[in-house]
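# Descriptive analysis of the structure
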Amino acid sequence: MGIIVQKFGGTSVGSVEKIHHVANRVILEKEKGNDVIVVVSAMGKTTDELVRLAGEMTSRPEKREMDMLLTTGEQMSMSLLAMALQNRGYKSTSLTGWQAGIRTEAVFSNARITEVKTNRVESLLNEGRVIVVAGFQGMDENGEITTLGRGGSDTTAVALAAAINAERCDIYTDVDGVYSTDPRYVTGARKLNGISYDEMLELANLGAGVLHPRAVEFAKNYGIKLTVRSSMEETEGTLIEEDAPMEEHLVVRGVAFDKDIVRMTVVGLENELTGFPAVFSILAENHIDVDIIIQSKLDTGKVNLSFSIKESSLDETLQILGRHKDEIGYQEIEHETNLSKVSIVGSGMVSNPGVAAQMFSVLAKHEIQVKMVSTSEIKVSVVVDSNEMIKAANAIHESFGLNRSAVEA
Ligand code: ADP
Ligand code: ASP
Ligand code: MG
């Protein structure tokens, strides 16, 4: 028998009853003769509540203090679950991320895992203990506590699974698998039996919150068998693997959307050759993720540079660009908020020209204005007004034949 890593998200550990229920799911796996490592998120909306509390202290909390605060949420869950398991007669030890050997780069609020030192986890497993690890947290080389970005407990689970050579990593959540799109907003969303790492990675990066993108990256790089399944029902779930067979004749596997996008425009870039790289290296040095980039030449010979970022990075981006105005050389910065990105993903797109055209036609038919576009071999993304996002997602989902009724018919 091997090692199984199970991860339970916020809703799944949202109350005392639910934690007892999670203990049952853990015991089921342990009773099959497996060694079990459990990764837990903070209970329910605890992380949001902690963010709100910080906001009561200051409008600009230091990132270090935010990480100190937010990591307490996961620590509540880990100890409560360990107690529930002990109460059922199972030996269990809870560990913080750093105790479990999760080392990260020295970045607060969105750190990447650099290494997992498994010796402590291994020796506790050898004692027959169930290990409960706090998700979403680690420690950098300076001994500072860091977090992995919202939704990062998935990544803790997959990174541990990779480091310890686990047989499987099961992500238990409040949906029974990965769907063709978010079932909370699109009624026709359909559960997928399987999906490839690459497609899942695109969907996750493009806003499908069911998995943290870096978790999928780890799974792909280390060939981890990853499943997403319900913490409430005993159903199969969705397997994420190297090659998932494409169902039917569909070209598009899924639709993802992401609200809170901002379009920034650096107006009147004086020197295209030096200004363009300067903007992006300065943003990269400050860990600001830039997405769609569009450059347009003005009649004056100067250049406007537009790019999209997450709304949570807006204040910081404005400050950084402001600080480097002379170095970059531009006239002014403009920005547009209340935008969203809607994307289609599918490995079948490479050999199917006309997919983007179909997407634009559907949007035009619904009178939805497209503000930015980006494409790759397996995705097309458009930026639209936020109040059109759900309408766009539903229309596109149906148009590509993804609705449950269409496929089952
Ligand atoms: P957890 O707290 O367990 O980590 P999350 O809220 O992070 O749970 O992720 C589960 C949610 O992801 C679902 O409730 C669903 O609304 C959302 N979601 C977004 N896109 C998808 C998708 N393609 N398939 C399934 N769920 C999705
Ligand atoms: N508790 C963290 C969050 O809400 C991490 C996680 O749940 O994965 O984002
Ligand atoms: Mg999550």
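What counts and how
- Residues numbered from 1 in each chain as written.
- Chains lettered and ligands numbered in written order.
- Predicted model: local features only at pLDDT ≥ 70, side-chain atom pairs only at ≥ 80, totals over all residues.
- Heavy atoms only, no water.
- Buried < 20%, exposed > 50% of the residue type's maximum accessible area, 1.4 Å probe, protein only.
- Helix = DSSP H or I, 4+ residues; strand = E, 2+ residues; numbered from the N terminus.
- Pairing = 2+ DSSP bridges.
- Axes fitted to C-alpha atoms, helices over the stretch in contact; angles between N-to-C directions.
- Left-handed = near helix turned anticlockwise from the far one by under 90°.
- Contact = heavy atoms within 4.5 Å.
- Nonpolar A, V, L, I, M, F, W, Y, C, P; charged D, E, K, R; others polar.
- Near = heavy atom within 4 Å.
- Polar contact = N/O pair within 3.5 Å; in protein donor to acceptor, adjacent residues only side chain to side chain.
- Areas by Shrake-Rupley, 256 points an atom, 1.4 Å probe, with all protein chains shown as cover.
- Salt bridge = Lys/Arg side-chain N within 4 Å of Asp/Glu carboxyl O.
- UniProt positions renumbered as here; feature names shortened; annotations may be inferred.
- Phe/Tyr/Trp six-rings, centres within 6.5 Å; stacked < 30°, edge-to-face > 60°.

## A few points about the pairing of strand E11 (residues 226–230)
For E11, a buried count of 5 out of 5 residues is recorded, marking the element as mostly surrounded by other parts of the structure. As defined by bridge partners, strand E9 (residues 168–173) adjoins E11 across 5 bridges and the pair is classed as parallel. Paired with Cys169 across the two strands is Leu226, which belongs to E11.

## Brief notes about the packing of helix H1 (residues 16–31) against helix H3 (residues 63–87)
At a minimum axis distance of 9 Å, the contact between H1 and H3 shows a crossing angle of 60°. Considering how the two elements wind past one another, H1 and H3 form a crossing that is right-handed. Note on element contacts: H3 touches H1 through Leu80, Leu81, Ala84 and Leu85, opposite Ile19, His20, Val22, Ala23, Val26 and Ile27. Of the residues that constitute the contact of H1 with H3, the class distribution is 9 nonpolar, 1 polar and no charged.

## Quick word on the site of ligand 1
Taken together, 16 residues sit near ligand 1, with Thr173, Asp174, Tyr179, Asp182 and Arg184 positioned nearest. The contact in question runs from an oxygen atom of ligand 1 to an N or O atom on the side chain of Lys7, over 3.0 Å. A distance of 2.9 Å separates an oxygen atom of ligand 1 from a polar side-chain atom of Asp174. Across the complex, the protein chains shield 84% of the 570 Å² of accessible surface that ligand 1 would expose by itself. Looking at the shell around ligand 1 residue by residue, the class counts come to 6 nonpolar, 6 polar and 4 charged.

## Overview of the pattern of salt bridges
Under the defined criterion, the tally for this structure stands at 25 salt bridges. A salt bridge links Asp170 to Arg168, with the nearest nitrogen and oxygen atoms 2.7 Å apart. Relative accessible area serves as the criterion here: at 0%, Asp170 is assigned to the buried category. Among the ionic pairs, Arg263 bridges to Glu336, the shortest N-O distance being 2.8 Å.

## Topic: the UniProt feature "binding site: ATP" (unreviewed entry) in the protein chain
Those places that UniProt annotates as "binding site: ATP" (unreviewed entry) correspond, in this numbering, to Lys7, Phe8, Gly9, Gly10, Thr173, Asp174, Tyr179 and Arg184. The residue Phe8 is located in strand E1 (residues 3–8) in this model. For Phe8, a relative accessible area of 0% puts it in the buried group. When you line up the elements, Gly10 lands in the loop between E1 and H1. The residues touching Gly10, leaving out its near neighbours within four places in the chain, are Ser41, Ala42, Met43 and Gly44.

## Points about the site of ligand 2
Every residue lining ligand 2 is accounted for by Ser41, Thr47, Glu74, Phe136, Arg150, Gly151, Gly152 and Ser153. Note that an oxygen atom of ligand 2 is positioned 3.0 Å from one of the side-chain N or O atoms of Ser41. When ligand 2 sits alone it has 260 Å² of accessible area, and the protein chains cover 86% of it. Residue composition of the shell around ligand 2, by class: 1 nonpolar, 5 polar and 2 charged.

## Here we look at the packing of aromatic side chains
The final tally for this structure, using the stated rule, is 5 aromatic pairs. For the ring pair Phe8 and Tyr172, a centre distance of 4.6 Å and an interplane angle of 10° mean the geometry is stacked. Within this pair, whereas Phe8 is found in strand E1, its partner Tyr172 is found in strand E9, the two being separated by 164 residues in sequence. Like Phe8, the residue Tyr172 is buried in the burial classification. One aromatic cluster is present, built from ring pairs that chain together Phe276, Phe280 and Phe307.

## Description of the pairing of strand E12 (residues 238–241)
Residues of E12 alternate between two faces, with Thr238 and Ile240 buried on one and Leu239 and Glu241 left unburied on the opposite face. Note that strand E10 (residues 194–196) and E12 share 3 bridges and pair parallel. Paired with Gly194 across the bridge in E12 is Leu239. For E11 and E12, the ladder comprises 3 bridges, and the chain directions are antiparallel. The partner of Thr227 across the bridge, within E12, is Leu239.

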